[in-house]
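# Fold and contact review
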Amino acid sequence: MMHTAVGWHVELEFQEDAEHTRAVAMVRLPDGSEVRAHGQASRHTSDSNQPRVGEEIAGARALNELAMQLLTKAHGEIDAASGRTSHPIHV
């Protein structure tokens, strides 16, 4: 049996100032729907200015939220297809 390979492209965008980094993660699914999530990081005043670290933290938080939204979406689709409430999907 042959399977079709599917690829997803996840986009991350960042907005930064001297103390805050905000990230938006977005994935466009093969059916054309999009899922978006946000994450943020704050730099303590005693920390050195390392924008990359803020991006990593805010990006990770946005991707974690994106993962949770995808799990919730999949859970709802399982329930809709089966006509019953299924067991929760855990990470």
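Going by the structure above, here's the rest.
The structure contained in this document is the topic of the report that follows.

So, about the side chain of T21. Following the sequence through the fold, T21 ends up in strand β2 (residues 20–28). On the basis of relative accessible area, T21 is assigned to the buried category, the value being 6%. Discounting chain neighbours no more than four positions away, the residues touching T21 are F14, Q15, E16, G39, Q40, A41, G54, E55 and A58.

Attention shifts here to helix α1 (residues 51–82). Over its 32 residues, α1 extends 46 Å from the first C-alpha to the last, a length consistent with the 46 Å expected when each residue adds 1.5 Å. Of all the residues in α1, the buried ones are G54, A58, G59, A62, L66, L70, H75 and D79. The inward-facing, buried residues of α1 abut β1 (10–16), β2 and β3 (34–42). At the C-terminal side of α1, G83 shows a positive phi close to 75 degrees.

Rules used throughout
- Position numbers for residues start from 1 in each chain and track the written sequence from start to end.
- In keeping with the model being predicted, local features are shown solely for residues with a pLDDT of at least 70 and side-chain atom pairs are shown and tallied solely at 80 or more, while totals for entire chains, interfaces and linings include all residues.
- Each side-chain value is derived from all of the structure's non-hydrogen atoms; neither hydrogens nor water enter the calculation.
- Working definition: helices are DSSP H or I runs of at least four residues, strands are E runs of at least two. Numbering for both runs from the N terminus.
- Only protein chains enter the accessibility calculation, which uses a 1.4 Å probe; a residue is then buried when its area is under 20% of its type maximum, exposed when over 50%, and partly exposed in between.
- The contact criterion used throughout is that any non-hydrogen atoms of two residues lie within 4.5 Å.
- Helices are assigned an expected span. That span is 1.5 Å times one less than the residue count.

These values are about where atoms sit, not about what they do.
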